[in-house]
Amino acid sequence: MIVRITGHSKGIGKCLYNDLIQSGHDVQGFSRSNGFDISIAESRQSILEQSKHADIFINCAWPDGDLPMTEIDQFNGQTEMLKLMINVWEGDKDKKILNLSSKSCYNNSDTNDFMENYGNAKKEQNRIIENRINVYGPHILNVILGCTDTQISEYLQGNKIDPKELSKWIIKMLLCETMYFQSVTVDATQLDYKPK
(Lines give C-alpha, C1' and ligand atoms only; values in the text may rest on other atoms or scores of the structure.)
Protein backbone atom coordinates (compact mmCIF):
# COMPACT_ATOMS: atom_id res chain seq x y z
CA MET A 1 0.00 0.00 0.00
CA ILE A 2 1.08 3.56 -0.66
CA VAL A 3 0.66 5.53 2.56
CA ARG A 4 1.14 9.23 3.24
CA ILE A 5 1.12 10.55 6.79
CA THR A 6 1.27 13.96 8.44
CA GLY A 7 2.87 14.27 11.86
CA HIS A 8 5.15 11.26 11.36
CA SER A 9 8.06 12.40 13.53
CA LYS A 10 6.45 12.29 17.00
CA GLY A 11 3.94 10.41 19.11
CA ILE A 12 1.29 8.24 17.48
CA GLY A 13 2.28 9.37 13.99
CA LYS A 14 5.84 8.15 14.53
CA CYS A 15 4.57 4.77 15.76
CA LEU A 16 2.25 4.41 12.76
CA TYR A 17 5.01 5.48 10.37
CA ASN A 18 7.50 2.96 11.79
CA ASP A 19 5.00 0.09 11.97
CA LEU A 20 3.81 0.63 8.40
CA ILE A 21 7.37 0.75 7.07
CA GLN A 22 8.26 -2.42 8.97
CA SER A 23 5.22 -4.09 7.37
CA GLY A 24 6.62 -3.28 3.91
CA HIS A 25 4.35 -0.42 2.88
CA ASP A 26 5.50 2.55 0.78
CA VAL A 27 5.32 5.29 3.42
CA GLN A 28 6.15 8.99 3.15
CA GLY A 29 5.83 11.35 6.10
CA PHE A 30 5.20 15.09 6.31
CA SER A 31 6.13 17.05 9.44
CA ARG A 32 7.75 20.35 10.35
CA SER A 33 10.93 18.31 10.88
CA ASN A 34 11.19 17.71 7.11
CA GLY A 35 9.79 21.06 5.95
CA PHE A 36 6.00 20.57 6.00
CA ASP A 37 3.83 22.72 8.25
CA ILE A 38 0.09 21.98 7.90
CA SER A 39 -0.79 25.41 9.29
CA ILE A 40 0.55 26.95 6.04
CA ALA A 41 -1.64 26.70 2.92
CA GLU A 42 1.31 26.21 0.54
CA SER A 43 2.58 23.35 2.67
CA ARG A 44 -0.86 21.69 2.68
CA GLN A 45 -1.02 22.00 -1.10
CA SER A 46 2.41 20.36 -1.43
CA ILE A 47 1.32 17.49 0.84
CA LEU A 48 -1.85 17.10 -1.22
CA GLU A 49 0.09 16.89 -4.48
CA GLN A 50 2.40 14.23 -3.04
CA SER A 51 -0.50 12.27 -1.50
CA LYS A 52 -3.25 12.18 -4.11
CA HIS A 53 -1.93 8.96 -5.71
CA ALA A 54 -1.62 7.16 -2.35
CA ASP A 55 -3.97 4.42 -1.15
CA ILE A 56 -4.12 5.69 2.44
CA PHE A 57 -3.77 9.18 3.88
CA ILE A 58 -3.17 9.51 7.63
CA ASN A 59 -4.15 12.90 9.06
CA CYS A 60 -2.18 12.97 12.29
CA ALA A 61 -0.26 16.25 12.62
CA TRP A 62 -1.28 18.63 15.39
CA PRO A 63 -0.05 22.07 16.46
CA ASP A 64 3.05 22.24 18.62
CA GLY A 65 2.25 23.49 22.12
CA ASP A 66 5.56 25.39 22.11
CA LEU A 67 4.50 27.57 19.18
CA PRO A 68 2.57 30.82 19.74
CA MET A 69 -1.07 29.80 19.49
CA THR A 70 -2.76 33.17 19.20
CA GLU A 71 -3.77 32.39 15.62
CA ILE A 72 -6.56 29.83 15.26
CA ASP A 73 -5.05 28.92 11.85
CA GLN A 74 -2.49 26.86 13.74
CA PHE A 75 -5.32 24.55 14.77
CA ASN A 76 -7.18 24.53 11.46
CA GLY A 77 -4.34 22.92 9.49
CA GLN A 78 -5.40 19.36 10.25
CA THR A 79 -9.06 20.17 9.52
CA GLU A 80 -8.14 21.80 6.20
CA MET A 81 -5.95 18.81 5.30
CA LEU A 82 -8.92 16.50 5.95
CA LYS A 83 -11.18 18.60 3.70
CA LEU A 84 -8.59 18.67 0.90
CA MET A 85 -8.10 14.90 0.87
CA ILE A 86 -11.85 14.26 0.95
CA ASN A 87 -12.32 16.62 -2.04
CA VAL A 88 -9.52 15.01 -4.06
CA TRP A 89 -10.71 11.48 -3.34
CA GLU A 90 -14.48 12.17 -3.46
CA GLY A 91 -16.32 9.05 -4.64
CA ASP A 92 -13.22 6.82 -4.75
CA LYS A 93 -14.10 3.73 -2.71
CA ASP A 94 -10.55 2.38 -2.94
CA LYS A 95 -9.05 5.26 -0.95
CA LYS A 96 -8.86 5.43 2.84
CA ILE A 97 -8.32 8.32 5.22
CA LEU A 98 -7.34 7.82 8.85
CA ASN A 99 -8.13 10.87 10.97
CA LEU A 100 -6.87 11.07 14.54
CA SER A 101 -9.31 12.96 16.71
CA SER A 102 -9.54 13.46 20.46
CA LYS A 103 -12.00 13.16 23.33
CA SER A 104 -10.86 16.68 24.23
CA CYS A 105 -13.58 17.89 21.87
CA TYR A 106 -16.10 16.86 24.54
CA ASN A 107 -14.40 18.82 27.34
CA ASN A 108 -14.97 22.41 28.33
CA SER A 109 -11.50 23.80 28.95
CA ASP A 110 -11.49 27.38 30.18
CA THR A 111 -8.08 27.12 31.80
CA ASN A 112 -5.97 26.15 28.80
CA ASP A 113 -6.35 28.05 25.51
CA PHE A 114 -4.28 25.44 23.66
CA MET A 115 -6.56 22.56 24.72
CA GLU A 116 -9.72 24.59 24.08
CA ASN A 117 -8.63 25.45 20.52
CA TYR A 118 -7.36 21.91 19.98
CA GLY A 119 -10.70 20.47 21.17
CA ASN A 120 -12.67 22.83 18.92
CA ALA A 121 -10.61 21.78 15.89
CA LYS A 122 -11.22 18.10 16.68
CA LYS A 123 -14.95 18.80 17.13
CA GLU A 124 -15.05 20.28 13.61
CA GLN A 125 -13.23 17.24 12.17
CA ASN A 126 -15.72 14.91 13.87
CA ARG A 127 -18.62 16.94 12.44
CA ILE A 128 -17.22 16.71 8.90
CA ILE A 129 -16.77 12.95 9.20
CA GLU A 130 -20.16 12.35 10.87
CA ASN A 131 -21.84 14.17 7.99
CA ARG A 132 -20.27 11.61 5.65
CA ILE A 133 -21.27 8.50 7.62
CA ASN A 134 -23.22 7.11 4.62
CA VAL A 135 -20.79 8.29 1.95
CA TYR A 136 -18.55 5.42 0.87
CA GLY A 137 -15.69 7.04 -0.93
CA PRO A 138 -13.23 7.73 0.40
CA HIS A 139 -13.54 5.48 3.44
CA ILE A 140 -12.74 7.45 6.59
CA LEU A 141 -11.65 5.88 9.86
CA ASN A 142 -11.97 8.47 12.63
CA VAL A 143 -10.17 7.38 15.81
CA ILE A 144 -11.27 9.50 18.79
CA LEU A 145 -8.56 9.18 21.42
CA GLY A 146 -8.56 9.59 25.14
CA CYS A 147 -5.40 10.56 26.99
CA THR A 148 -2.46 9.09 25.10
CA ASP A 149 1.14 9.01 26.30
CA THR A 150 2.51 11.61 23.88
CA GLN A 151 4.03 15.08 24.09
CA ILE A 152 0.62 16.77 24.11
CA SER A 153 -0.33 15.07 27.41
CA GLU A 154 2.97 15.49 29.25
CA TYR A 155 1.30 17.86 31.71
CA LEU A 156 -0.98 15.02 32.89
CA GLN A 157 -0.11 12.12 35.16
CA GLY A 158 -1.88 8.78 35.38
CA ASN A 159 -2.85 5.88 33.16
CA LYS A 160 -2.56 6.75 29.45
CA ILE A 161 -2.92 4.91 26.15
CA ASP A 162 0.37 3.42 24.92
CA PRO A 163 0.93 4.85 21.41
CA LYS A 164 2.91 1.77 20.29
CA GLU A 165 0.07 -0.59 21.21
CA LEU A 166 -2.48 1.83 19.77
CA SER A 167 -0.62 1.95 16.45
CA LYS A 168 -0.90 -1.80 15.98
CA TRP A 169 -4.68 -1.74 16.61
CA ILE A 170 -5.22 1.20 14.28
CA ILE A 171 -3.30 -0.50 11.48
CA LYS A 172 -5.39 -3.67 11.91
CA MET A 173 -8.58 -1.63 11.56
CA LEU A 174 -7.23 0.39 8.66
CA LEU A 175 -6.06 -2.63 6.65
CA CYS A 176 -8.96 -4.96 7.48
CA GLU A 177 -10.49 -6.32 4.26
CA THR A 178 -13.68 -7.82 5.69
CA MET A 179 -14.97 -4.88 7.75
CA TYR A 180 -14.99 -1.12 7.40
CA PHE A 181 -14.45 0.85 10.60
CA GLN A 182 -15.82 4.39 10.56
CA SER A 183 -15.57 5.90 14.03
CA VAL A 184 -13.87 4.34 17.03
CA THR A 185 -13.31 5.82 20.49
CA VAL A 186 -10.30 4.52 22.41
CA ASP A 187 -9.30 5.23 26.00
CA ALA A 188 -7.09 3.87 28.74
CA THR A 189 -8.52 1.16 30.98
CA GLN A 190 -8.54 3.37 34.08
CA LEU A 191 -9.34 7.04 33.71
CA ASP A 192 -7.23 8.32 36.58
CA TYR A 193 -5.15 11.05 34.92
CA LYS A 194 -4.93 14.57 36.32
CA PRO A 195 -2.63 17.62 36.01
CA LYS A 196 0.84 17.12 37.52
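Here, the structure is the one placed above.
Residues numbered from 1 in each chain as written. Predicted model: local features only at pLDDT ≥ 70, side-chain atom pairs only at ≥ 80, totals over all residues. Heavy atoms only, no water.

Moving on, we come to the layout of surface pockets. Space inside the second largest pocket adds up to approximately 210 Å³. Where the lining of the second largest pocket is concerned, the elements lending two or more residues are α5 (163-175) and β7 (183-186). Broken down by element, the residue count for the lining of the second largest pocket peaks at 4 residues, all from α5. In terms of residue class, the lining of the second largest pocket is made up of 7 nonpolar, no polar and 4 charged. (1 Å grid on protein atoms, 1.4 Å probe; cavity = no way out; pocket = protein on both sides within 12 Å on 5 of 7 lines; lining within 4 Å. Points joined across faces, edges and corners; volume = space filled by probe spheres on them. Helix = DSSP H or I, 4+ residues; strand = E, 2+ residues; numbered from the N terminus. Nonpolar A, V, L, I, M, F, W, Y, C, P; charged D, E, K, R; others polar.)

In this section: empty space enclosed by the protein. Under the counting rule described, the total for this entry stands at 3 cavities of 30 Å³ or more. Here the largest cavity defines a volume of roughly 50 Å³. In terms of lining, the largest cavity is formed by I129, R132, I133, V135, P138, H139, I140, Y180 and Q182. Its residues placed into classes, the lining of the largest cavity shows 6 nonpolar, 2 polar and 1 charged.

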